[in-house]
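Chains, contacts and geometry: an overview
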Amino acid sequence: MKNPYRSLLNRLLALQTRGRTLPLGGLAAPRRRAPAARAPRVLVFSPHPDDECIIGGLALRLQRECRWRVVNVAVTQGSRKDRQAARWKELADACAYLGFDLVATGPHGLEGVNRETREREPARWAAMVETIAALLREQRPRAILVPHDADWNSTHIGTHLLVLDALAACPQLRCFVVETEFWGAMATPNLMVEIPPRDLADLMAALSFHVGEVQRNPYHLTLPAWMQDNVRRGGEVVGGQGGAAPDFAFATLYRLRAWNGQALVPVHEGGKLIGAGDDLAALFKE
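Residues numbered from 1 in each chain as written. Predicted model: local features only at pLDDT ≥ 70, side-chain atom pairs only at ≥ 80, totals over all residues. Heavy atoms only, no water.

**Topic: the overall build of the chain**
Within the chain, the secondary structure is distributed over 10 helices and nine strands. In terms of overall dimensions, the chain is globule-like: its C-alpha atoms have a radius of gyration of 19 Å, near the 19 Å expected for 286 residues. For the chain, the C-alpha atoms occupy an extent of roughly 70 × 45 × 40 Å along the three principal directions. Across the chain, every contact between residues at least 6 apart in sequence was considered, and the portion connecting residues at least 24 apart equals 80%. Separation of charge centres in the chain, based on 35 positive and 30 negative side chains, amounts to 4 Å. (Helix = DSSP H or I, 4+ residues; strand = E, 2+ residues; numbered from the N terminus. Rg over C-alpha atoms; globule rule 2.2 N^0.38 Å. Contact = heavy atoms within 4.5 Å. Lys, Arg positive; Asp, Glu negative; His and termini not counted. Charge placed at Lys NZ, Arg CZ, Asp CG, Glu CD.)

**A few points about helix α1 (residues 4-19)**
Here α1 is 16 residues long and its end C-alpha atoms lie 23 Å apart, about the 22 Å a rise of 1.5 Å per residue gives. For α1, the N-terminal cap is asparagine 3; the gap from its side-chain oxygen to the backbone nitrogen of tyrosine 5 is 2.9 Å. (Expected span 1.5 Å × (residues − 1). Polar contact = N/O pair within 3.5 Å; in protein donor to acceptor, adjacent residues only side chain to side chain.)

**Side note on the pattern of salt bridges**
Taken as a whole and judged by the stated rule, the model has 21 salt bridges. Between aspartate 101 and arginine 69 there is a salt bridge, and its shortest N-O distance comes to 3.0 Å. In this pair, aspartate 101 sits in strand β3 (residues 101-104) while arginine 69 sits in strand β2 (residues 69-74), placing the two residues 32 residues apart along the sequence. What makes arginine 69 buried here is its relative accessible area of 18%. Note that arginine 255 and glutamate 179 form a salt bridge whose closest N and O atoms lie 2.9 Å from each other. (Salt bridge = Lys/Arg side-chain N within 4 Å of Asp/Glu carboxyl O. Buried < 20%, exposed > 50% of the residue type's maximum accessible area, 1.4 Å probe, protein only.)

**Description of the pairing of strand β1 (residues 41-46)**
Of all six residues in β1, five are buried; the element is thus mostly enclosed. Pairing geometry for β1 and strand β4 (residues 143-147), over three bridges, is parallel. Counted as the bridge partner of valine 44 is leucine 145 from β4. (Pairing = 2+ DSSP bridges.)

**A short note on a nonpolar patch on the surface**
On the surface, a nonpolar cluster with roughly 660 Å² of combined accessible area is contributed by Tyr5, Leu8, Leu9, Leu12, Leu13 and Leu15. Inspection of the secondary structure assignment puts leucine 8 in helix α1. By relative accessible area, which is 47% here, leucine 8 ends up partly exposed. (Patch = residues over 30% accessible without salt bridge, like charges linked within 9 Å, V, L, I, M, F, W, Y side chains within 5 Å. Areas by Shrake-Rupley, 256 points an atom, 1.4 Å probe, with all protein chains shown as cover.)

**Concerning the packing of aromatic side chains**
If you walk through the whole model with that rule in mind, you get six aromatic pairs. Judged by centre distance (5.5 Å) and plane angle (40 degrees), the ring pair of tyrosine 97 and phenylalanine 209 falls under tilted. In this pair, tyrosine 97 sits in helix α4 (residues 84-98) while phenylalanine 209 sits in the loop between α8 (197-208) and α9 (211-214), placing the two residues 112 residues apart along the sequence. Like phenylalanine 209, tyrosine 97 is buried. The interplanar angle of 85 degrees and the centroid separation of 5.4 Å between the aromatic rings of phenylalanine 176 and phenylalanine 284 together place this pair among those described as edge-to-face. Here phenylalanine 176, found in strand β5 (residues 175-180), pairs with phenylalanine 284, found in the segment after β9 (272-274); they are 108 residues apart in sequence, far enough to count as distant. (Phe/Tyr/Trp six-rings, centres within 6.5 Å; stacked < 30°, edge-to-face > 60°.)

**Examining the packing of α4 against α8**
At their nearest, the axes of α4 and α8 sit 8 Å apart, and the two run at 160 degrees to each other. Our classification of the angle between α4 and α8 gives roughly antiparallel. As α4 packs across α8, the resulting crossing turns out to be right-handed. Mapping the contact onto sequence places Ala94, Tyr97 and Leu98 in α4 and Asp202, Leu203, Ala205 and Ala206 in α8. (Axes fitted to C-alpha atoms, helices over the stretch in contact; angles between N-to-C directions. Parallel < 35°, antiparallel > 145°, perpendicular 65-115°, else oblique. Left-handed = near helix turned anticlockwise from the far one by under 90°.)

**As for the nonpolar core**
Grouped together as the largest cluster of nonpolar side chains are 45 residues, with contacts concentrated most on Leu58, Leu98, Leu145, Leu223, Met227 and Phe284. Here the element with the most residues in this core is α8; it accounts for six residues. If we ignore the near neighbours within four places in the chain, the residues touching leucine 223 are Cys53, Ile54, Leu200, Leu203, Met204 and Leu207. Formed by 30 residues, the second largest nonpolar core is a distinct cluster that contains Leu110, Leu135, Leu162 and Ala166. (Core = buried A, V, L, I, M, F, W, Y, C linked by side-chain atoms within 4.5 Å.)

**Focus: the side chain of aspartate 199**
With respect to the helices, strands and loops of the structure, aspartate 199 is situated in helix α8. Among the polar contacts listed, one links the side chain of aspartate 199 to the side chain of arginine 64, at a separation of 2.7 Å. Setting aside residues up to four positions removed in sequence, aspartate 199 forms contacts with Leu60, Arg61 and Arg64.

Here's what the structure looks like:
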């Protein structure tokens, strides 16, 4: 018997090749209803333009299924000054496609969001902390998404430190904190959220609006593979060692805790596997 996996692999490669011919950006946004004025808010703290699409599956489901308002906070606009204006336009188009609100942290975003600035330039860091704290006080989110503390990239780690310092400056605020991963896998995720194919296709389409980035590296096309691997890993790391993998095609892994005004505290025992038909809002009951 011939190896049938050769044919399967060749088909996958052919689809990947075809994907490179698809348009980048310029797509009509899906039809949607606007959230209510007093809908719960989830803030997505994006270290770079494009992170809102990569890790935003949970936020997109909260918007579509629970009618939450999603606000993407552009912590930086990238480190290349000659690309910042273009990246902001790409980001605005991507957020418009997904129906996310967009908030800037400054005319060109924040600069030097990393551990080194925190340790060596306390005054500069304190000013950035106040910028984020002011946003938290204004927005009063029910939940926030922020990279975890070991997400490899210096700006991702810096964004984690910045947002946690800003939370500490808001002792009256209570919210859920959802840590995200991309560059570095979390050792202890406790939440796996299935991303339905329709939502994943829209995340890929939105990511394609970041034209200058995906032209040099078409990572919008590899997003499904990453989410498939999340199912493999999350089945055991979140679901329990030796357990059967859930019947998900695609998923994103997160760590869900709550900010009680002083520290991050657990909200659920064990790991949670949230399928496409499950009630997301139940995770975030106050």
